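Analysis of the macromolecular model
Residues per chain, in single letters:
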Amino acid sequence: MSTASSATPAERDPLAVYQWESRLVVISAPDAGDAAARSQRAILASARSEVTGRDVVTVEAYGDDAKAVAIRRRLGLPAGSFRAVLVGKDGEAKLISGEPLPASTLFSTIDAMPMRRGEMRR
């Protein structure tokens, strides 16, 4: 068992490896078969090229394994219900929803971010 002082950076913040590299859509649910989680995965899969073009990575947190618990703790999410979270490249949550996020909402939010606007100008 690790303590906070002996925990690795990844154990303290499992999302840190993505910071400044990728935007995240975190899907958190009691289990992978959750209907809302399946719906969110389908939404992202149907917009794969747009997701890829915006440097979006999907991170899933299901059940009570250590990684899922750490992700939910990091984002302040409940363990017993679905949440979809858009996390910016800065590592901060930009949108948190109890229902699947539509692709249009994800993309309009991302495209309004200052870092993304800079990327689009290049």
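Below, the structure is looked at part by part. As the structure is a prediction and not an experimental result, all values here were calculated from the model. Starting afresh in each chain, residues are numbered from 1 along the sequence in its written order. Owing to the predicted nature of the model, reporting of local features is limited to residues with pLDDT of at least 70; listing and counting of side-chain atom pairs is limited to 80 or more, with chain, interface and lining totals taken over all residues. Calculated side-chain values reflect all of the structure's heavy atoms, with hydrogen atoms and water omitted.

Quick look at the overall build of the chain now. Each helix is a run of H or I in the DSSP string that is no shorter than four residues. Each strand is a run of E no shorter than two, and both are numbered from the N terminus. Along its length, the chain carries six helices and four strands. For a compact globule of 122 residues, the expected C-alpha radius of gyration is about 14 Å, and the chain comes in at 15 Å, within 12% of that figure. Taken along the three principal axes of its C-alpha coordinates, the chain extends 45 × 35 × 20 Å. Among the 122 residues that make up the chain, the fraction classed as buried is 38%. What makes two residues a contact is simply this: any of their non-hydrogen atoms within 4.5 Å. Long-range pairs, those at least 24 residues apart, make up 64% of the contacts in the chain with a sequence separation of at least 6. Counting only carbon and sulfur atoms, one obtains 53% of the accessible surface of the chain, whose full area is about 6600 Å². The convention is simple: Lys and Arg are positive, Asp and Glu are negative, and His and the chain ends are not counted. By convention, the charge on Lys lies at NZ, on Arg at CZ, on Asp at CG and on Glu at CD. Within the chain, the 15 negative side-chain charges are centred at a point lying 4 Å from the centre of the 17 positive side-chain charges. For this measure, only C-alpha atoms enter the radius of gyration; the expected value for a globule follows 2.2 Å times N^0.38, where N is the number of residues. Burial classes follow relative accessibility: with a 1.4 Å probe on protein chains only, a residue under 20% of its type's maximum area counts as buried, one over 50% as exposed, and anything between as partly exposed. Surface exposure here means Shrake-Rupley accessible area, sampled with a 1.4 Å probe, where a residue is shielded only by the protein chains that are shown.

Okay, the nonpolar core next. Joining through side-chain atoms within 4.5 Å is the link that ties buried Ala, Val, Leu, Ile, Met, Phe, Trp, Tyr and Cys residues into a set, and such a set is a nonpolar core. Val-25, Ile-27, Phe-82 and Leu-106 are the most contacted members of the largest nonpolar core, which has 18 residues in total. Those elements that place two or more of their residues in this core are β1 (23–29), α2 (35–46), β2 (56–62), β3 (83–87) and α5 (103–111). If sequence neighbours within four positions are ignored, Val-25 has contacts with Leu-44, Val-56, Val-57, Thr-58, Val-59, Val-85, Leu-86 and Leu-106. Val-26, Ala-61, Leu-75 and Val-85 belong to the second largest nonpolar core, which has 11 residues in total.

Turning our eyes to something else, we now look at the sheet that holds strand β4 (residues 93–97). A pair of strands counts as paired when DSSP detects no fewer than two bridges linking them. Ordered in space as β2-β1-β3-β4, the four strands form an open sheet in which the pairing is mixed. Single-partner strands in this sheet number two, and they are β2 and β4. Each strand of the sheet is rotated relative to its neighbour by a mean of 15 degrees, with strand direction disregarded. Two strands pair when backbone bridges link them, and β3 and β4 are joined in this way by four bridges, in the antiparallel orientation. Among the inter-strand pairings, Leu-86 is bridged to a residue of β4, identified as Leu-95. To get an axis, fit a line to the C-alpha atoms, keeping to the stretch in contact for a helix; angles then go from 0 to 180 degrees between the N-to-C directions. Its contacts with the sheet place α2 against β1, β2 and β3, and it is angled at close to 155 degrees to β1.

For the rest of this paragraph, the subject is the packing of aromatic side chains. Ring geometry is summarised as follows: Phe, Tyr and Trp rings, the Trp one being its six-membered ring, pair when their centres sit within 6.5 Å, and such pairs are stacked at plane angles under 30 degrees, edge-to-face over 60 and tilted between the two. All chains considered together, the criterion is met by zero aromatic pairs. Its end group placed over the ring of Phe-107, Arg-54 keeps NZ or CZ at 4.3 Å from the ring centre. By definition, being over a ring means that NZ of Lys or CZ of Arg is both within 6 Å of the ring centre and within 35 degrees of the ring normal.

One turn of an α-helix holds 3.6 residues; hence residues three or four places apart share an orientation. A helix is expected to reach a length of 1.5 Å times the quantity of its residues less one. In this model, α2 (12 residues) spans 16 Å end to end at C-alpha, consistent with the 16 Å of a helix rising 1.5 Å per residue. Listed in full, the buried residues belonging to α2 are Ala-36, Ala-37, Gln-40 and Leu-44. Considered in projection along α2, the buried side chains sweep an arc of 100 degrees and stay on one side of the axis. α2 presents Ala-35 and Ser-46 as exposed residues on the side facing more than 90 degrees away from its buried surface. Close packing links the buried residues of α2 with β1, α3 (48–53), β2, β3 and α5. Pairing of N or O atoms within 3.5 Å defines a polar contact, subject to two protein rules: one partner must be a possible hydrogen donor and the other a possible acceptor, and residues neighboring in sequence count only if both atoms are side-chain atoms. Of the residues flanking the start of α2, the one acting as N-cap is Asp-34, its side-chain oxygen 3.0 Å from the backbone nitrogen of Ala-36. The arc in question is the one traced by the directions running from the helix axis out to the C-beta atoms.

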